[in-house]
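Here are the chains, one letter per residue:
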Amino acid sequence: MLRFAQISDCHLYRDKTALHYGVNVYQNLCCVLERIKNLASLEFIVFTGDLTQDHSNASYQNFTDAIIATNFTLPVYYLAGNHDEPILLSEYLSGSPFKSAKIVNKKHWQIQLVASKSATPSGEVSEEEVDRLLACVDSKKHQFIFMHHHPVDVGYFIDKHGLTNKNQFYQALNKIESVKAVACGHVHNALALNIDTNEKIIPLFTCPATSIQFDQMASTVENSGKPAGFRLFSLANDGQVTSQVVFID
């Protein structure tokens, strides 16, 4: 059994006391990391982007400060969200416990982190990224794909900033016979959906944000009032995927 956690959408500011829609997002992140740190048998964490809200260098430093403040030692793999600059992620998330690799190889599983950042808030998995994904697949292992943007509509305002080339991404998924699940951030809610590629049905897990959860009834960003959260995944040797959502009271 392989167990790990996913966090997403921290939206940090240069000021650690700054509020994002009424919430201290730096403190939220520290609380989430503290909870994850105290869980048994986790092997690593996957961060699926949107580290920053104000795009400041200091916000990236604050992410690493949160890791240090909580004595966090689990390996942290990461992706850029639409708010992030990949160059700054690589610069600030460079020492231990951060891992720049976009593939996590385990005995029975291969986890791939797929870039979806584009020139707009919407997402796109480029042709080059699709080629990289397919070329790296180990057909002897179960596949789990992580990305920032959501590859299916979720039914509220964030869909205007979803993945713009869904069909091309689905075609890539159809070529990966052993794909078992896809997970993403960006939507600021914990949802369990399905991707229908017309050839297969693939479970999709979205991650609650460490910052705020979006009000799904609103027409733009509003804080639903739900607490910060993260996802836990348990991957069985036979390819079964189970997930639990944890919210921080």
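What you are looking at is a predicted structure, and each value in this text was computed from that prediction instead of being measured.

Enquirer: So what's going on with the environment of tyrosine 77? Residues and values would help.
Expert: Residue position: tyrosine 77 is located in strand β5 (residues 76-78). Looking at tyrosine 77, the relative accessible area reads 13%, which means it is buried. C-alpha separation for the pair tyrosine 77 and glutamate 124, spaced 47 residues apart in sequence, amounts to 20 Å. Other than its neighbours up to four places away in sequence, tyrosine 77 contacts Phe44, Ile45, Val46, Phe47, Lys99, Ala101, Ile103, Val104 and Leu113.

Enquirer: Before we move on, could you go through the pairing of strand β9 (residues 142-147) and cite the residues and values that matter?
Expert: Of all six residues that make up β9, six are buried, and the element is covered over most of its length. By the alternation rule, side chains of β9 split into His142, Phe144 and Phe146 and Gln143, Ile145 and Met147, which are all buried. In terms of handedness, the path from strand β8 (residues 109-113) via helix α4 (residues 127-136) over to β9 forms a crossover that is right-handed. Judged from the five bridges that link them, β9 and strand β10 (residues 179-184) form a sheet pairing that is parallel. Of the residues in β10, the one forming a bridge with isoleucine 145 is valine 182. Handedness of the crossover joining β9 and β10 through helix α5 (residues 166-174) is recorded here as right-handed.

Enquirer: How would you summarise the pattern of salt bridges if you had to cite specific residues and measurements?
Expert: Think of it this way: side chains of opposite charge can pair up when their charged atoms draw near. Applying the stated criterion across every chain, the model contains five salt bridges. For the salt bridge of glutamate 34 with lysine 37, the shortest nitrogen-to-oxygen distance reads 3.0 Å. Remark: lysine 37 and glutamate 34 occur in helix α1 (residues 25-37); sequence separation between them is three residues, near one turn of the helix. Linking lysine 106 and glutamate 43 is a salt bridge whose minimum nitrogen-to-oxygen distance equals 3.2 Å.

Enquirer: Break down the state of the cysteines for me, with residues and values.
Expert: Per the stated rule, a full pass over the model turns up zero disulfides. Free cysteine: cysteine 30, not disulfide-bonded; nearest cysteine sulfur from cysteine 31 at 7.0 Å. Between cysteine 184, a cysteine without a disulfide, and cysteine 207, which holds the nearest cysteine sulfur, the sulfur-to-sulfur distance is 8.7 Å. Given a relative accessible area of 0%, cysteine 184 falls into the buried group.

Enquirer: Which residues make up the packing of α1 against helix α2 (residues 57-69), and what values do they have?
Expert: Where α1 contacts α2, the two axes come as close as 9 Å, and the packing angle between them is 40°. By the criterion of interaxial angle, the relationship of α1 to α2 is oblique. In this structure, α1 meets α2 at a crossing whose hand is right-handed. In this structure, α1 uses Tyr26, Leu29, Cys30 and Leu33 to contact α2, whose residues at the interface are Asn62, Phe63, Asp65, Ala66, Ile67 and Ala69. Counted by class, the contact of α1 with α2 contains eight nonpolar, one polar and one charged residues.

Enquirer: Run through the sheet that holds β10, naming residues and quoting values.
Expert: The strand order across the open sheet built from six strands is β7-β8-β9-β10-β12-β11, with neighbouring strands paired in mixed fashion. Looking at strand neighbours, the two that pair on one side only are β7 (103-105) and β11 (192-196), the edges of this open sheet. Shown here is a sheet whose adjacent strand axes are inclined to one another by a mean of 20°, direction ignored. By the bridge criterion, five bridges tie β8 to β9 in an arrangement that is parallel. When the sheet's bridge partners are listed, glutamine 112 is paired in β9 with isoleucine 145. Contacts from α4 reach β7, β8 and β9, with the element oriented near 170° to β8.

Enquirer: Quick one: what's the story with the packing of aromatic side chains, residue by residue and with numbers?
Expert: Two numbers describe a pair of aromatic rings. These are the distance of the centres and the angle of the planes. One pass over the full model with this rule turns up 14 aromatic pairs. Note on phenylalanine 144 and phenylalanine 146: the rings are 4.6 Å apart at their centroids and 25° apart in plane angle, and the pair reads as stacked. Given the relative accessible area of 0%, phenylalanine 144 is considered buried. Put simply, the rings of Phe4, Phe44, Tyr77, Phe144, Phe146, Phe205 and Phe233 pair up and form one aromatic cluster. The cationic tip of lysine 102 hangs over the ring face of tyrosine 78; the distance from NZ or CZ to the ring centre is 4.0 Å.

Enquirer: Got a sec to walk through unusual backbone geometry? Specific residues and values, please.
Expert: Along the chain, serine 96 connects to proline 97 via a cis peptide bond; the corresponding omega equals 10°. One can find proline 97 in the loop between α3 (86-92) and β6 (98-99). The phi angle at tyrosine 21 is positive, at roughly 50°, despite the residue not being glycine. In this fold, tyrosine 21 is placed in the loop between β2 (19-20) and β3 (23-24). Residue classification places tyrosine 21 among the partly exposed residues on the basis of a relative accessible area of 45%. Phi at asparagine 71 takes a positive value of approximately 50°, unusual for a residue other than glycine.

Criteria and cut-off values
Residues numbered from 1 in each chain as written. Predicted model: local features only at pLDDT ≥ 70, side-chain atom pairs only at ≥ 80, totals over all residues. Heavy atoms only, no water. Helix = DSSP H or I, 4+ residues; strand = E, 2+ residues; numbered from the N terminus. Buried < 20%, exposed > 50% of the residue type's maximum accessible area, 1.4 Å probe, protein only. Contact = heavy atoms within 4.5 Å. Right-handed = clockwise from strand over helix to strand, strands pointing away. Pairing = 2+ DSSP bridges. Salt bridge = Lys/Arg side-chain N within 4 Å of Asp/Glu carboxyl O. Disulfide = S-S within 2.5 Å. Axes fitted to C-alpha atoms, helices over the stretch in contact; angles between N-to-C directions. Parallel < 35°, antiparallel > 145°, perpendicular 65-115°, else oblique. Left-handed = near helix turned anticlockwise from the far one by under 90°. Nonpolar A, V, L, I, M, F, W, Y, C, P; charged D, E, K, R; others polar. Phe/Tyr/Trp six-rings, centres within 6.5 Å; stacked < 30°, edge-to-face > 60°. Lys NZ or Arg CZ within 6 Å of the ring centre and 35° of its normal.

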